[in-house]
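Fold and contact review
Here is how the chains run, residue by residue.
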Amino acid sequence: MQEIKNYVETHKQRFLDELFDLLRFPSVSADPKYKEDVLKTADYVAQKLKDAGADNVEICATAGYPIVYGEKIIDASLPTVLVYGHYDVQPADPLELWHTPPFEPTIRDGKIYARGACDDKGQFYMHVKAFELMMETDTLACNVKFMIEGEEEVGSANLGIFVKANAERLKADVVLISDTSMISMENPSIETGLRGLAYMEVEVVGPNRDLHSGVYGGAVANPAAILCKMIASLHDENNHITIPAFYDKVVELTDDEKRALNSAPYDEEEYKKDLDIKEVWGEKGYSTLERTGTRPTLEVNGIWSGYIGEGAKTVLPSKANAKISMRLVPNQSSEEIAEIFTKHFESIAPANVKVKVTPHHGGEPVVTPTDSVAYRAAEKAIEISFGKKAIPTRGGGSIPIVALFEDVLGIKSVLFGFGLDSDALHSPNEKYDIYNYYKGIETLPLFHKFYAELSK
């Protein structure tokens, strides 16, 4: 451990400078205007893998953005770890809410503020630097393969094709992913499950053009008002989702599972203070930890209609749109949920509007084993690095490719993230603590060491 700490201390400024260079690329995969920047980010990642000592580094073309691959095979008889991450980021909008420009990384109070600081550039780059450390100190204990993609934030549409076509090349014993969070640095944790995702866009259309709200108001259905009513009807008075068959395959936690989940450190007053809310909200009969990790949800991600510019324009809009995401739990299928959502949403539309539902991307929920060699290696790495045992938790987010890896490659994943729930992922002023970044670089080599030892 001391050798690891010494190497990080010696190179800590360079590690930070390189991460800042990576964060300056506006690699927004959702917006075509950033295409060249996304491609430049892939080039940068590939070069840094080469610099760290990876072999066979390649920028692999897909129908969308490329996947960066690299490897180090030191002994075919040793276990192989496949490191997954993504170099693309969410859009930075709304820009006016950022305290500093999103692609000009800034340090405030020991935290790095930038889009992608935590999700996922800061986290996947820990692996690159940990790999460099192991190469330079001659302590790499197992084979390593890297697969860093550029489309995670838009659903990883081409990753499945790549994985299926390169199954032999990607052959490994475990997937190691740092795109999740811990409870805190004082209470380190390892996520043992993720929710799935079904992402939809809906459109409600009324008249064939925007109308004068005085001339036509009261006589023609307003699509914006109709859409709001339809969305509101998707939850009942107990915040239970009203879509028929939505909960049919949801398995309730046992009392023991609930006790274990709710034993994780959680301060509701601090939670509310951090978010500047007066009360928590959610499905009746469940705790906040249950709601965010083990229960399915339906959320409106965006809604728009009519005139939203400066000043006033009295129109009755022709159409209204919304983006809706549903987080899913084990046994729920993203495809099946998308189908029943579409059927239900169309069925509740009044006759005076037309409705269109468009599924976007989705992914399946997963639960990772806590009795595997890889999980025990992660536990041991945490215990040595942090001086205390890791708490198993369930993550509320979705990483659709975890189920893909299990299905196509036949291997489980370890969700070994060092972010925090308060890091404002997908929001203005995303951050990542410098301490967490360095702590990840220190801890990851221990995982490789213990994974190799426990695999014997």
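As the structure is a prediction and not an experimental result, all values here were calculated from the model.

Remarks on a negative patch on the surface
Among the surface-exposed residues, Asp267, Glu268, Glu270 and Asp274 lie close enough to one another that they form a single negatively charged patch. Note that Glu270 resides in helix H8 (residues 268-275). The partly exposed category is assigned to Glu270, whose relative accessible area is 45%.

Re the pairing of strand E3 (residues 80-86)
In terms of burial, E3 is largely enclosed, as 7 of its 7 residues are buried. The alternating pattern of E3 places Thr80, Leu82, Tyr84 and His86 and Val81, Val83 and Gly85 on opposite faces, both of which are buried. Bridge count for E3 against strand E6 (residues 143-149) is 7 bridges, and the pairing is parallel. Within E6, the position partnered with Leu82 by the bridge is Lys145. Note: E3 against strand E7 (residues 174-177), 4 bridges, orientation parallel. What sits directly across from Leu82, in E7, is Val175.

Looking at the UniProt feature "domain: Peptidase M20 dimerisation" (unreviewed entry) in the protein chain
On the UniProt side, "domain: Peptidase M20 dimerisation" (unreviewed entry) is annotated at positions that read residues 192-351 here. When the span residues 192-351 is considered, its composition is 31% helix and 22% strand, and the gap between its end C-alpha atoms is 46 Å.

Here is what the cut-offs are and how they apply
- Residues numbered from 1 in each chain as written.
- Predicted model: local features only at pLDDT ≥ 70, side-chain atom pairs only at ≥ 80, totals over all residues.
- Heavy atoms only, no water.
- Patch = residues over 30% accessible without salt bridge, like charges linked within 9 Å, V, L, I, M, F, W, Y side chains within 5 Å.
- Areas by Shrake-Rupley, 256 points an atom, 1.4 Å probe, with all protein chains shown as cover.
- Salt bridge = Lys/Arg side-chain N within 4 Å of Asp/Glu carboxyl O.
- Lys, Arg positive; Asp, Glu negative; His and termini not counted.
- Charge placed at Lys NZ, Arg CZ, Asp CG, Glu CD.
- Helix = DSSP H or I, 4+ residues; strand = E, 2+ residues; numbered from the N terminus.
- Buried < 20%, exposed > 50% of the residue type's maximum accessible area, 1.4 Å probe, protein only.
- Pairing = 2+ DSSP bridges.
- UniProt positions renumbered as here; feature names shortened; annotations may be inferred.

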